[in-house]
Amino acid sequence: MRQQHGLEGQVPVARHLDLRLLSQFLVICQTSKMSAAARKLGLSTPAVSQIVHRLERDVGIVLFERSAQGLRLTPAGSILQERARDIINSEADILQELEAYRTQLLPKLRLYIAESVAKYTTPAIVSELNQIVGQLEVRTGQSFNYVQEFLRGDFEALISSEPLEGISRLDRFNLCEEDLIGLAPAGIPAERRTLHALARDMPFIRSSSGSRKAELIEGYLAGQGLNPPRGIECNSAVPILELVSAGIGWTITTPLTIAYYRPDPARVADLELPGDVPSRQILLLVNSGKLLDVPTSIATSSRASLRMHAATWPAHLTSAIRFPDDLSEL
């Protein structure tokens, strides 16, 4: 005859499990005897029996086989033991994580800022968040992995030109918009310093593919009917500007990049770009609904600092960068 492991009768199954019962259940599993579990829990043996009865009633399944030798878990009981252990451990982790929020609105914030922007925004951001955030970690550099790192939660906020348009769970704040700018060696005569002449006569020095800036530049060149050979490609603005300064080639970049790296104006010259020149936005990206008003504080201070610094740049750079009238989310 097949053994019955469900409870007899029509017992309503609970829709939720009691965490306290699950914790007591794990103690009973460890001891395998009602009397030993009672001593460990500081309860009477009948009280432990009631705990087992109530939990079995809640799940509608027999969890222990009873015998003179004590208790033995049924297959269903073994599953519950494993899952209950995970649940109780998760509860402890949650409580530990929340502990830091007892004294601070935001105990820690990790922020990645694109290198050409960090110089102008980091001091303002740190000053703004000093009284709000317990520990502020700011990362910057030339990493091409920062988008993936942001999406997997390695940091909570990102300032860059990557809009991540296909991801709906993000809030986006537009800090500024900058046009592309051409640069050529200063030694090139003015009459030869045109886009099509340089594309014919000199190597084009590219940014490595994959970034928003690189996509805009390639799209613009294609729109001008140009497809320069992929001869020189760099993953940093420093060698690009040095190669232009050395007279080896020409490039297309942005005002923030030029202002940050400051190539020698005696060695580089502006290259006027014909037609509709594309622009890129510098954005603050955060996960929606997790940081209260902190993103607005970051965006406000960053935009004000960028505007202040841009006012000190040479006129041809200042005229190529614009700031929104407000910080409404995109």
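All of these numbers come straight from a predicted model, not from anything done at the bench.

Each value, and the rule that gives it
- Residues numbered from 1 in each chain as written.
- Predicted model: local features only at pLDDT ≥ 70, side-chain atom pairs only at ≥ 80, totals over all residues.
- Heavy atoms only, no water.
- Pairing = 2+ DSSP bridges.
- Helix = DSSP H or I, 4+ residues; strand = E, 2+ residues; numbered from the N terminus.
- Contact = heavy atoms within 4.5 Å.
- Axes fitted to C-alpha atoms, helices over the stretch in contact; angles between N-to-C directions.
- Salt bridge = Lys/Arg side-chain N within 4 Å of Asp/Glu carboxyl O.
- Buried < 20%, exposed > 50% of the residue type's maximum accessible area, 1.4 Å probe, protein only.
- Core = buried A, V, L, I, M, F, W, Y, C linked by side-chain atoms within 4.5 Å.
- Expected span 1.5 Å × (residues − 1).
- Bend = angle between axes of the 7 residues up to and from the residue.
- Phe/Tyr/Trp six-rings, centres within 6.5 Å; stacked < 30°, edge-to-face > 60°.

Engineer: Describe in detail the sheet that holds strand S3 (residues 106-114), supporting the description with residues and values.
Structural biologist: Here six strands make up an open sheet; going across it, the order is S4-S3-S5-S12-S6-S13 and the pairing mixed. If you trace the sheet from one side to the other, it starts and ends with strand S4 (133-141) and strand S13 (321-322), each paired once. Summarising the sheet, S3 and S4 pair through eight bridges and their orientation is parallel. Note on S4: the bridge partner recorded for Ile113 is Thr140. With respect to the sheet, helix H5 (residues 115-129) is in contact with S3, S4, strand S5 (157-160) and strand S12 (279-287), its orientation differing from that of S3 by roughly 160°. Of the strands in this sheet, S3, S5, strand S6 (170-179), S12 and S13 are in contact with helix H11 (residues 294-310), which crosses S6 at around 5°.

Engineer: Tell me about the pattern of salt bridges, residues and numbers included.
Structural biologist: Going through the model one piece at a time under the given rule, you end up with 15 salt bridges. Glu149 is the salt-bridge partner of Arg139, the closest N and O atoms lying 3.2 Å from each other. Here Glu149 lies in helix H6 (residues 146-151) and Arg139 lies in strand S4, a separation of ten residues in the sequence. Arg139 gets classed as partly exposed once you look at its relative accessible area, which sits at 30%. Among the residues examined, Glu149 registers a relative accessible area of 11% and is labelled buried. With a closest N to O distance of 2.7 Å, Glu178 and Arg280 form a salt bridge. Linking Glu178 in strand S6 with Arg280 in strand S12, this pair joins segments that are 102 residues apart in sequence. By the burial criterion, Glu178 is buried, and Arg280 matches it.

Engineer: Outline the sheet that holds strand S7 (residues 181-185), supporting the account with residue identities and numerical values.
Structural biologist: If you trace the three strands from one edge of the open sheet to the other, you get S10-S7-S11, paired in antiparallel fashion. A single partner strand is all that each edge strand has here, and the edge strands are strand S10 (251-253) and strand S11 (268-271). Strand-to-strand twist in this sheet, taken as the mean axis angle between neighbours without regard to direction, amounts to 40°. Alignment of S7 against S11, held across four bridges, turns out to be antiparallel. For Pro185, the partnering residue across the bridge sits in S11 and is Val268. Across the sheet, helix H9 (residues 237-245) is in contact with S7, S10 and S11; its angle to S7 comes to roughly 45°.

Engineer: I'd like a rundown of the nonpolar core, residues and numbers included.
Structural biologist: The biggest cluster of nonpolar side chains holds 41 residues, and the ones touching the most others in it are Ile159, Leu256 and Leu284. Once residues lying within four places of it in the same chain are set aside, the contact partners of Leu256 are Ser116, Val117, Tyr120, Cys176, Glu178, Ile282, Leu306, Trp313 and Ile321. Core analysis: the second largest hydrophobic core is formed by 20 residues, Leu21, Phe25, Ala37 and Ile88 among them.

Engineer: Residue-level account of the environment of Thr296, with values.
Structural biologist: Positionally, Thr296 belongs in helix H11. Separated by 162 residues in the primary sequence, Thr296 and Gly134 have C-alpha atoms spaced 18 Å apart.

Engineer: I'd love a proper account of H5, names of residues and values included.
Structural biologist: If you check H5, its first and last C-alpha atoms are 20 Å apart, about what 15 residues at 1.5 Å a residue would give, namely 21 Å. Along H5, the sharpest kink reaches roughly 50°, centred on Thr121 and followed within four residues by the proline Pro123. Along H5, the positions that sit buried rather than exposed are Ser116, Val117, Ala118, Tyr120, Thr121, Thr122, Ile125 and Leu129. Taken together, the buried residues of H5 touch S3, S4, S5, helix H10 (255-261), S12 and H11.

Engineer: Residue-level account of the packing of aromatic side chains, with values.
Structural biologist: Inspection of every chain in the model, using the stated rule, returns seven aromatic pairs. When the ring of Phe204 is compared with that of Trp250, the centres are 4.5 Å apart and the planes differ by 45°; the resulting orientation is tilted. Taken together, the residues Phe204 in the loop between helix H7 (195-201) and strand S8 (205-207) and Trp250 in the loop between H9 and S10 connect sequence positions 46 residues apart. On the basis of relative accessibility, which here comes to 3%, the residue Phe204 falls in the buried class.

Don't take any of this as a statement about function, it's just geometry.
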